[in-house]
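Here are the chains, one letter per residue:
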Amino acid sequence: MNVSPYARHSRKARLAAALLSLAALTACGEQTAATAPAPTPTPTTSFTENGVTVTLSVSAWQPPRGTLTAVFTPEEKGFHLYSTDLPATGIEGVGRPTSLGVTGVLRADGKLTAAADVRTISVPGVEAPVPVYPDGPVTTTLPVRLDGNGDATVLLGYASCSADEGCTIPVSDRPVHLRVTDKGPTFGDR
């Protein structure tokens, strides 16, 4: 097959144009990656009280909404937390609900949910079954809405128990301070 010099030049030109386009796209991709803003860090804080470590964070922050997440982790193996649906005073005085609430410039924008299945246990001397989560950590989430810049307080409650070891002292309305500005939420003292 005899190929004309023009056809060879045309193929070379098309190949050069394709390579040049690919190089330009690669350079654009590199520039975009280099100039893309870094993701906003998720504000996080934690504390340990009465046998449970609580890690609190704010995620999916798109003003005026976000999600508060609290991970409740018993310090000892074999301990469980009570359901978020448990009445405030427990069942026949037994247990305290796992709770997460807000005051100040934040408002709940939905229901507190837990990423664990509820099971019931029988407690000696208590006629009704008591709803608890399986032993170990429990993650809860609460959608929140901002009502303006300023201070907010997250109020946490929980109690942990073990069938063998008994229960820790319940924690009620444990405050954690949160400040919300145009730059987003941050944890800390007022």
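Whatever comes next refers back to the structure up there.
So, how was this worked out
Residues numbered from 1 in each chain as written. Predicted model: local features only at pLDDT ≥ 70, side-chain atom pairs only at ≥ 80, totals over all residues. Heavy atoms only, no water. Pairing = 2+ DSSP bridges. Helix = DSSP H or I, 4+ residues; strand = E, 2+ residues; numbered from the N terminus. Axes fitted to C-alpha atoms, helices over the stretch in contact; angles between N-to-C directions. 1 Å grid on protein atoms, 1.4 Å probe; cavity = no way out; pocket = protein on both sides within 12 Å on 5 of 7 lines; lining within 4 Å. Points joined across faces, edges and corners; volume = space filled by probe spheres on them. Nonpolar A, V, L, I, M, F, W, Y, C, P; charged D, E, K, R; others polar. Core = buried A, V, L, I, M, F, W, Y, C linked by side-chain atoms within 4.5 Å. Buried < 20%, exposed > 50% of the residue type's maximum accessible area, 1.4 Å probe, protein only. Contact = heavy atoms within 4.5 Å. Salt bridge = Lys/Arg side-chain N within 4 Å of Asp/Glu carboxyl O.

Undergrad: I'd like a rundown of the sheet that holds strand E5 (residues 99-104), residues and numbers included.
TA: Overall, antiparallel pairing links the 4 strands, which are arranged E5-E11-E14-E15 in an open sheet. The open sheet has two edge strands, E5 and strand E15 (184-187), and neither has a second partner. Each strand of the sheet is rotated relative to its neighbour by a mean of 30°, with strand direction disregarded. As paired elements, E5 and strand E11 (residues 150-158) share 6 bridges and run antiparallel to each other. Considered in E11, the bridge of Ser 99 is made with Gly 157.

Undergrad: Kindly report on the sheet that holds strand E4 (residues 80-81), identifying the contributing residues and their values.
TA: The strand order E4-E12-E13 describes an open sheet built from 3 strands, whose pairing is antiparallel. Of all strands in the sheet, those bounded by a partner on one side alone are E4 and strand E13 (166-167). Both E4 and strand E12 (residues 160-162) contribute to a ladder of 2 bridges, which runs antiparallel. Residue pairing across strands places Leu 81 opposite Ser 160, the latter belonging to E12.

Undergrad: Can you tell me about the layout of surface pockets, naming the residues and giving the values?
TA: In this approach the atoms are scanned with a rolling probe the size of a water molecule, which exposes any empty space left behind. Its volume calculated, the largest pocket comes out at about 290 Å³. Considering the residues around the largest pocket, the lining is formed by 21 residues, among which His 80, Tyr 82, Ile 121, Cys 161 and Cys 167 are closest to the centre. Secondary structure elements with two or more residues in the lining of the largest pocket: strand E8 (119-121), E12 and E13. Looking at the lining of the largest pocket, its residues break down into 10 nonpolar, 8 polar and 3 charged.

Undergrad: If you had to explain the nonpolar core to someone new, which residues and values would you point to?
TA: The tendency in soluble globular proteins is for nonpolar side chains to be buried side by side. In terms of nonpolar packing, the biggest core is built from 29 residues, with Leu 56, Leu 68, Leu 100, Val 154 and Leu 156 touching the most fellow members. The set of elements that each furnish at least two residues to this core consists of strand E2 (52-62), strand E3 (65-74), E5, strand E10 (138-146), E11 and strand E14 (171-181). Leave out the neighbours within four places in its chain, and Leu 100 touches Leu 56, Leu 68, Ala 70, Leu 112, Thr 140, Leu 142, Val 154, Leu 155 and Leu 156. Among the nonpolar cores identified, the runner-up in size contains 9 residues, and Leu 86, Ile 91, Val 126 and Cys 161 belong to it.

Undergrad: Run through the side chain of Thr 168, naming residues and quoting values.
TA: Mapped onto the fold, Thr 168 is located in the loop between E13 and E14. If near-sequence neighbours (up to four positions away) are discounted, Thr 168 is found in contact with Asn 50, Gly 51, Phe 79, Ala 159 and Ser 160.

Undergrad: Outline the side chain of Thr 84, supporting the account with residue identities and numerical values.
TA: The residue Thr 84 is located in the loop between E4 and E5 in this model. With sequence-adjacent residues up to four places away left out, Thr 84 is seen in contact with Pro 97, Thr 98, Leu 112, Tyr 133 and Thr 140.

Undergrad: Give me the pattern of salt bridges: which residues, what numbers.
TA: Here the structure, examined in full by the defined rule, presents 6 salt bridges. Note that Glu 49 is salt-bridged to Arg 174, the shortest N-O span being 3.0 Å. Of this pair, Glu 49 sits in strand E1 (residues 44-49) while Arg 174 sits in strand E14; the two residues are 125 residues apart in sequence, bridging distant segments of the chain. Taking the shortest distance from any N to any O, the salt bridge between Asp 109 and Arg 65 comes out at 2.8 Å. Linking Asp 109 in the loop between strand E6 (106-108) and strand E7 (113-114) with Arg 65 in strand E3, this pair joins segments that are 44 residues apart in sequence. Judged by relative accessible area, Asp 109 falls into the partly exposed class, the value being 33%.

Undergrad: So what about the environment of Gly 66? Which residues, and what values?
TA: In this fold, Gly 66 is placed in strand E3. Gly 66 sits in the buried class, given a relative accessible area of 7%. Residues Gly 66 and Pro 185, spaced 119 residues apart in sequence, show a C-alpha to C-alpha distance of 9.7 Å. Residue contacts for Gly 66: discarding those within four places in its chain leaves Ser 59, Ala 60, Trp 61, Leu 142, Pro 143 and Val 144.

Undergrad: Mind laying out the pairing of E3, listing which residues take part and the relevant values?
TA: As paired strands, E2 and E3 are joined by 9 bridges and run antiparallel to one another. Across the sheet, Ser 57 pairs through a bridge with Thr 69, a residue of E3. Linking two consecutive strands that pair antiparallel, namely E2 and E3, is a turn of 2 residues. One ladder, built from 8 bridges, connects E3 with E10; its direction is antiparallel. Across the sheet, the residue bridging to Arg 65 is Arg 145, located in E10.

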